[in-house]
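The primary structure of each chain is shown beneath.
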Amino acid sequence: MAPTPTPVAKTGKVYLKSAKYVPSPKPGQVHFSWKYDSKSADAFSVWFYNVKTHKYTIVRPSWTTRVQGNGGGSGLVTNDRLQGVAGVYTLKLAAEASGYDATAPTKVYDTSSEFNIKITDFET
């Protein structure tokens with residue numbers, strides 16, 4: 001089981017504004033948007049979390065917080081890093097990671113609601 005990340009205070013973090021899983025086109029994608037405040041870190045990482053197995057999979061180790069507009073941004077990630085492992089997942093925004101070899105986030109900023117990724121959502 002992956003270690004439990006340290007919770008952070010309500011300020012100085014990145015907040016998920018929305019997250020929606022879209023299975024088509026393949027590979028499936030999560031479209032998400034975030035908000036930040038003046039104390040937020042300059043970058044954050046994006047993770048998939050398997051609710052059943054409690055396994056974290058890093059999707060992007062570093063995403064610039066203030067890349068769009070004032071106070072928020074948006075982006076999308078694909079499910080190809082899950083390598084065909086279907087299940088119930090959440091998207092987590094966390095402290096910037098050292099790279100794709102990271103196994104769990106050090107601090108989780110926010111978590112999406114659960115979404116189901118089916119085996120048919122992956123490219124074949």
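Since the structure is predicted, the reported quantities are computational estimates derived from the model, not experimental observations. (Residues numbered from 1 in each chain as written. Predicted model: local features only at pLDDT ≥ 70, side-chain atom pairs only at ≥ 80, totals over all residues. Heavy atoms only, no water.)

Caption draft 1: Region of interest: the pairing of strand β3 (residues 29-36). The element β3 is largely enclosed, with a buried count of 6 among its 8 residues. Judged from the 8 bridges that link them, strand β2 (residues 14-22) and β3 form a sheet pairing that is antiparallel. Counted as the bridge partner of Val-22 is Gln-29 from β3. Hairpin remark: β2 followed by β3, antiparallel, with 6 residues in the connecting loop. Note: β3 against strand β6 (residues 72-78), 7 bridges, orientation antiparallel. From the neighbouring strand, Phe-32 faces β6, where its bridge partner is Gly-75. (Buried < 20%, exposed > 50% of the residue type's maximum accessible area, 1.4 Å probe, protein only. Helix = DSSP H or I, 4+ residues; strand = E, 2+ residues; numbered from the N terminus. Pairing = 2+ DSSP bridges.)

Caption draft 2: Just unusual backbone geometry, in detail. Of note, the bond from Ser-24 into Pro-25 is cis; its omega dihedral lies within 30 degrees of zero at 5 degrees. Counting through the fold element by element, Pro-25 comes out in the loop between β2 and β3. Pro-27 follows Lys-26 through a cis peptide bond whose omega is -5 degrees. Relative to the helices and strands, Pro-27 is located in the loop between β2 and β3. Phi at His-54 takes a positive value of approximately 65 degrees, unusual for a residue other than glycine. Following the sequence through the fold, His-54 ends up in the loop between β4 (43-50) and β5 (56-64). At Gln-83, a residue that is not glycine, the phi angle is positive and equals roughly 50 degrees. Inspection of the secondary structure assignment puts Gln-83 in the loop between β6 and β7 (87-95).

Caption draft 3: A look at the packing of aromatic side chains. What the rule picks out here adds up to 10 aromatic pairs. Residues Trp-34 and Trp-63 carry aromatic rings whose centres are separated by 5.8 Å and whose planes lie at 75 degrees to one another, so their mutual orientation is edge-to-face. Placement of the pair is Trp-34 in strand β3 and Trp-63 in strand β5, with a sequence separation of 29 residues. Using a relative accessible area of 9% as the deciding quantity, one classes Trp-63 as buried. (Phe/Tyr/Trp six-rings, centres within 6.5 Å; stacked < 30°, edge-to-face > 60°.)

Caption draft 4: Structural detail: the environment of Ile-119. Here Ile-119 lies in the segment after β9 (115-117). Residues Ile-119 and Val-85, spaced 34 residues apart in sequence, show a C-alpha to C-alpha distance of 7.0 Å. Residue contacts for Ile-119: discarding those within four places in its chain leaves Gly-84 and Ala-86. (Contact = heavy atoms within 4.5 Å.)

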